[in-house]
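Examining the three-dimensional arrangement
As a plain string of letters, each chain reads:
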Amino acid sequence: MKDMKGHEISAEKTGFFHEVEQEAVQHGAPSFPCAAYLDRYQSAEDSCPWHWHEELEAAWVTRGTVAVFIRARPVFLHPGEGIFFNRRVPHAYCGTDGELSLMPNLLVRPSLIYGSQDSVYWESYLKPLLLAPAFSHVLLTPETPWQASFLTLFRKAFSLLSEQPFGYEFHVRSALSEALLLLFQNMPKATDIKDGNRLHQADADRIRHMLSYVQEHFTEPLSLQQIADSAFLSRRECLRCFQRTIGISPVQYIIDLRIRKARQLLLETSLPLLEICTECGFQDQSYFIKTFRERTGLSPARYRRLSGRSGQE
């Protein structure tokens, strides 16, 4: 199965369905905004592209190795290790060559925990945590006692969401509340203002605007000027912001999205190549085939044949 957590990831749904490319998509139901997923990365080709969301996210590796990208720098997570992201933090995931990697992850809208912003839960605990300018993420290792406990609580919530016994919503909310209180108590240890991976607030705001714009329009002809205008930047500053935050150019990011979409359509549909080319925003079929081969090592037609799905060449 594809596209459960991002483009071209073979993932098993363990909670509620979503497509992560749209950052504003609700994870879970409006009445219970919490969702659990199990991502399967077969190789370095499998990735969850740069994205952000309003939900808090915790992810941990149970098998293999997963590369996590924060401010264009990879951090490699091994079995037992994990990461927690504050809301609205751009990040990406990628598998590694030669092994199957499994990464459960859980996303929760903070309002599930604090309820109303008039509550003590928001004012005394969640607000200082979520709005801390120096806090974007924390790497989690079982060797650190509070982090081990934090991971245990998220794993408990994950199991409850997967099995959904009677009253599981109460128990999920309780486990996540305990985990976030634990994080709040240890935030000085989790937050490093000198952390080079931490996004500058201005860059974070700009890249979110531009990523959203590109994700909404990547199937259309896109210019650098249009992307820069979406964040009220010059073209030069747009390029610099992309390089500073995600380490690639806007053009590279657009091509990545288009190729991922093409892979999805090749695997999941029998659309002819010309239609896929147009659907993914490529204006020329020869350029589409050339770019696809450069990125995957296969022509689109051969990629489809090897997947076991027949289609027109």
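Here is a short report on the structure shown in this document. Bear in mind the structure is a predicted one, so any value in this text is a computation, not a measurement. (Residues numbered from 1 in each chain as written. Predicted model: local features only at pLDDT ≥ 70, side-chain atom pairs only at ≥ 80, totals over all residues. Heavy atoms only, no water.)

Okay, the packing of helix 3 (residues 145-163) against helix 4 (residues 168-185) next. Two numbers describe how helix 3 lies on helix 4: the axes approach to 9 Å, and their chain directions differ by 165°. With respect to their mutual orientation, helix 3 and helix 4 come out roughly antiparallel. Helix 4 is crossed by helix 3, and the crossing has left-handed handedness. Contact residues: helix 3 offers W146, S149, F150, L153, F154, K156, A157, L160 and L161, while helix 4 offers Y168, H171, V172, A175, L176, E178, A179, L182 and L183. (Axes fitted to C-alpha atoms, helices over the stretch in contact; angles between N-to-C directions. Helix = DSSP H or I, 4+ residues; strand = E, 2+ residues; numbered from the N terminus. Parallel < 35°, antiparallel > 145°, perpendicular 65-115°, else oblique. Left-handed = near helix turned anticlockwise from the far one by under 90°. Contact = heavy atoms within 4.5 Å.)

Its place among the elements puts Q285 in helix 11 (residues 285-296). Counting along the chain gives 12 residues from Q285 to L273, while the straight-line C-alpha distance between them is 7.8 Å. If we ignore the near neighbours within four places in the chain, the residues touching Q285 are L273, L274 and C277.

Across the sheet, four strands lie side by side as 3-8-5-6; this open sheet has antiparallel pairing. Both outer strands of the open sheet, strand 3 (47-51) and strand 6 (73-77), are each paired with one neighbouring strand and no more. Along the sheet, successive strands turn relative to each other by an average axial angle of 20°, direction set aside. In terms of strand pairing, strand 5 (residues 66-70) meets strand 8 (residues 91-94) through three bridges, oriented antiparallel. Across the sheet, residue F69 finds its bridge partner in strand 8, namely A92. (Pairing = 2+ DSSP bridges.)

The next point concerns the packing of aromatic side chains. Following the criterion strictly, the structure yields 15 aromatic pairs and no others. Look at F84 and F150: their rings are 5.5 Å apart centre to centre, the planes differ by 90°, and that puts the pair in the edge-to-face class. Note that F84 is positioned in strand 7 (residues 82-85) and F150 in helix 3, a separation of 66 residues in sequence. With respect to class, F84 is no different from F150; both count as buried. An aromatic cluster is present here, built from F84, F135, W146, F150 and F154 joined pairwise through their rings. Note that R258 overlies the ring of F282, its terminal NZ or CZ placed 6.0 Å from the centroid. (Phe/Tyr/Trp six-rings, centres within 6.5 Å; stacked < 30°, edge-to-face > 60°. Buried < 20%, exposed > 50% of the residue type's maximum accessible area, 1.4 Å probe, protein only. Lys NZ or Arg CZ within 6 Å of the ring centre and 35° of its normal.)

Quick look at the side chain of T245 now. With respect to the secondary-structure elements, T245 resides in helix 8 (residues 235-245). Reaching out from T245, the side chain makes a polar contact with the backbone oxygen of C241 at a distance of 2.6 Å. (Polar contact = N/O pair within 3.5 Å; in protein donor to acceptor, adjacent residues only side chain to side chain.)

Our next topic: unusual backbone geometry. Notably, Q164 is not glycine yet its phi reads approximately 50°, a positive angle. By secondary structure assignment, the location of Q164 is in the loop between helix 3 and helix 4. In this model, F232 sits at a positive phi of 60°, which is unusual for a non-glycine residue. Checked against the element boundaries, F232 lands in the loop between helix 7 (224-230) and helix 8. For F232, a relative accessible area of 78% translates into the label exposed.

Attention now moves to the packing of helix 9 (residues 250-268) against helix 11. Closest axis-to-axis distance for the helix 9/helix 11 pair is 11 Å, and the angle between their directions is 90°. Of the possible angle classes, the one that applies to helix 9 and helix 11 is roughly perpendicular. Residues Q252, I255, D256, I259, A262, R263 and L266 of helix 9 pack against Y287, F288, T291, F292, R295 and T296 of helix 11. Here the residues of the contact of helix 9 with helix 11 are counted per class, giving seven nonpolar, three polar and three charged. (Nonpolar A, V, L, I, M, F, W, Y, C, P; charged D, E, K, R; others polar.)

This part takes up helix 9. With 19 residues, helix 9 ought to run about 27 Å at 1.5 Å a step, and its terminal C-alpha atoms sit 27 Å apart, in line with that. Summarising burial for helix 9: 14 of the 19 residues are buried, a large majority. (Expected span 1.5 Å × (residues − 1).)

Moving on, we get to the pattern of salt bridges. Counted according to the given criterion, the structure contains 11 salt bridges. The salt bridge involving R88 is made with E54; its shortest N-O contact spans 3.2 Å. With R88 in the loop between strand 7 and strand 8 and E54 in the loop between strand 3 and strand 4 (56-60), the pair connects residues that are 34 residues apart, well separated along the chain. When the shortest N-O distance is used, the salt bridge between K290 and E294 registers 3.1 Å. (Salt bridge = Lys/Arg side-chain N within 4 Å of Asp/Glu carboxyl O.)

Moving on, we get to the environment of N105. Following the sequence through the fold, N105 ends up in strand 9 (residues 101-108). Looking at N105, the relative accessible area reads 0%, which means it is buried. A C-alpha to C-alpha distance of 8.5 Å links N105 and A35, two positions 70 residues apart in sequence. Looking at N105, its side chain comes within polar contact range of the side chain of D39, at 3.3 Å.

Another point: a nonpolar patch on the surface. On the surface, a cluster of nonpolar side chains totalling about 380 Å² of accessible area is made up of V120, Y121, Y125 and L181. Looking at the nonpolar patch element by element, the count peaks at three residues for helix 2 (residues 120-130). Looking at where Y121 falls in the secondary structure, it is placed in helix 2. (Patch = residues over 30% accessible without salt bridge, like charges linked within 9 Å, V, L, I, M, F, W, Y side chains within 5 Å. Areas by Shrake-Rupley, 256 points an atom, 1.4 Å probe, with all protein chains shown as cover.)

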